[in-house]
Protein chains: 2
Amino acid sequence: MAVRVDLNISLDGVAAPADQTPDNPMGEDWGRLVAAYTATKTFRERVLHDDSGQGTTGVDDRYGRAYFEGIGAEIMGAAMFGFHSFPDDPDWRGWWGEEPPFGVPVIVLTHREHADIEFDNGTRFEFLNATPEEALARAREYAGDLDVRVGGGVSVVRSFLAAGLVDQLHVMVSPVILGRGVRLFDELRGLDLGYTVSSELSESGAIHVTFAR
Amino acid sequence: MAVRVDLNISLDGVAAPADQTPDNPMGEDWGRLVAAYTATKTFRERVLHDDSGQGTTGVDDRYGRAYFEGIGAEIMGAAMFGFHSFPDDPDWRGWWGEEPPFGVPVIVLTHREHADIEFDNGTRFEFLNATPEEALARAREYAGDLDVRVGGGVSVVRSFLAAGLVDQLHVMVSPVILGRGVRLFDELRGLDLGYTVSSELSESGAIHVTFAR
């Protein structure tokens, strides 16, 4: 029943590049930031629905598989769901097509009122105007004995970290320098003191750092 | 004849904590940031003149030893020398006592005019009002076939990185979160693209990342 977060960050701590535009909602540098993750076999299978069997199968893929294991509910922000990029589209159903890679109830934190959106694979987006604590209580009900993921975006993750609600934080650090953008750890001085921190290097050059308690 | 930089940074990219005061010129968090480095046998011998033989001898110490090898001249800023902390002390000779751990000519970048300060162990502080390029030209004269170190502080290192003058950058990343302070990589977007980047984990938990060209 842990609360888990997994994010990609640059060596300078940026989790969301600065150059986001409507046409390029993740920013031009996003590709460099997540290259090693999106190259994994698990990402290709679970997110891209690519069943060709291609993709890397090393350390990065092991973390990629673990990402999807044992999660009973997910929490995300309105921006991650896409409300900020497509504010005027009443039929918007998220970025992920008709097979979102969640398969569980997903609480979308938003001030907007919206009916639930359900998919055949078990994914159900539910829209909630709530504090992190309230959203987590709801997610725990759905997750039962399984874990809750706080998926993103960065500002939502930061609010859960600041509130002390995260039990396991895994950051995949890509050795790239973005120079600007939204930093995961700003003003979270001493965050590490509440966790046991361990690191692992990948063949890809990525550095996996895990904060666990 | 490479230009080399070695710095300690936090996992959030901070190289100089925010909480510097005259009484605590490196900041309260400095100890956490450099703990694994200052625990090495090499640091204790070379900087603290502790010949007891104590100190760690693993990966961190290997980088610590390499730090002192092959350097023919050093460049540092006025703040690192201590001018900003002790602006009114005409007898200030740096933080390092009578055996500064350099043993080579050290160019201190400052607007202040000051006579050279020499020590028996070969260290000579020379004060220069110059651009990074000009300072480097002078340092290369002194270093001959050896390398030039840009020692710090962070703003001086950043100016050399921005000018493309650094051939090898080694950062010892401590898995601590400082949350604020002077970040090494701010606005240096894409810095990594000019280098081959490699990483190594230490038993201490530190992550050594080297940018080389």
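Residues numbered from 1 in each chain as written. Chains lettered and ligands numbered in written order. Predicted model: local features only at pLDDT ≥ 70, side-chain atom pairs only at ≥ 80, totals over all residues. Heavy atoms only, no water.

The name given to chain A in an unreviewed UniProt entry is Deaminase, with the source organism recorded as Galbitalea soli.

A.B. asks: Explanation requested: the relation of the copies chain A and chain B in the structure shown.
C.D. replies: The two chain copies are related to each other by a rotation about an axis together with a translation along it. Structural alignment of chain A on chain B gives an RMSD of 0.0 Å, achieved by rotating through 180° and translating 0.0 Å along the axis. What the rotation and shift describe, once combined, is the action of a two-fold rotation axis. Looking at the interface residues of chain A, 100% of them are also at the interface in chain B, so both copies use one shared face. (Least-squares fit on C-alpha atoms with pLDDT ≥ 70 in both. Contact = heavy atoms within 4.5 Å.)

A.B. asks: Looking at this structure, how should I read the pairing of strand β10 (residues 196–201) of chain A?
C.D. replies: Across a regular strand the side chains alternate sides, sitting on one face of the sheet and then on the other. Residues and elements named next belong to chain A. Relative to strand β11 (residues 207–212), β10 runs antiparallel, the two being bridged by 6 bridges. From the neighbouring strand, S199 faces β11, where its bridge partner is V209. From the end of β10 to the start of β11, which pair antiparallel, there are 5 residues, and G205 there has a positive phi angle of about 100°. (Pairing = 2+ DSSP bridges. Helix = DSSP H or I, 4+ residues; strand = E, 2+ residues; numbered from the N terminus.)

A.B. asks: Which parts of the structure should I look at to understand unusual backbone geometry?
C.D. replies: In terms of backbone geometry, most residues other than glycine have negative phi values and most peptide bonds are trans. Residue and element names in this part refer to chain A. Residue G153 is bonded to the preceding G152 through a cis peptide linkage, with omega at -5°. Along the chain, the position of G153 falls in the loop between β7 (147–152) and α6 (154–162). Phi is positive for H49, close to 55°, though the residue is something other than glycine. One can find H49 in the loop between α2 (41–46) and α3 (59–68).

A.B. asks: In this structure, what is going on with the interface of chain A and chain B? I would like to understand it.
C.D. replies: A common way to state how big an interface is: give the accessible area lost once the parts meet. With 31 residues of chain A at the contact, the number on the chain B side is 31 residues. When the buried area of chain A at its contact with chain B is split by residue, A:L11, A:I177 and A:R189 rank highest and sum to 25% of it. Joining chain A to chain B, the criterion identifies 10 salt bridges. For the salt bridge of A:R32 with B:D192, the shortest nitrogen-to-oxygen distance reads 2.2 Å. Going through the elements one at a time, β10 and β11 of chain A are the ones with two or more residues in the side of chain A that touches chain B. Residue contributions to the side of chain A that touches chain B peak at 4 residues, all from β10(A). (Buried area = accessible area lost by both parts, 1.4 Å probe. Salt bridge = Lys/Arg side-chain N within 4 Å of Asp/Glu carboxyl O.)

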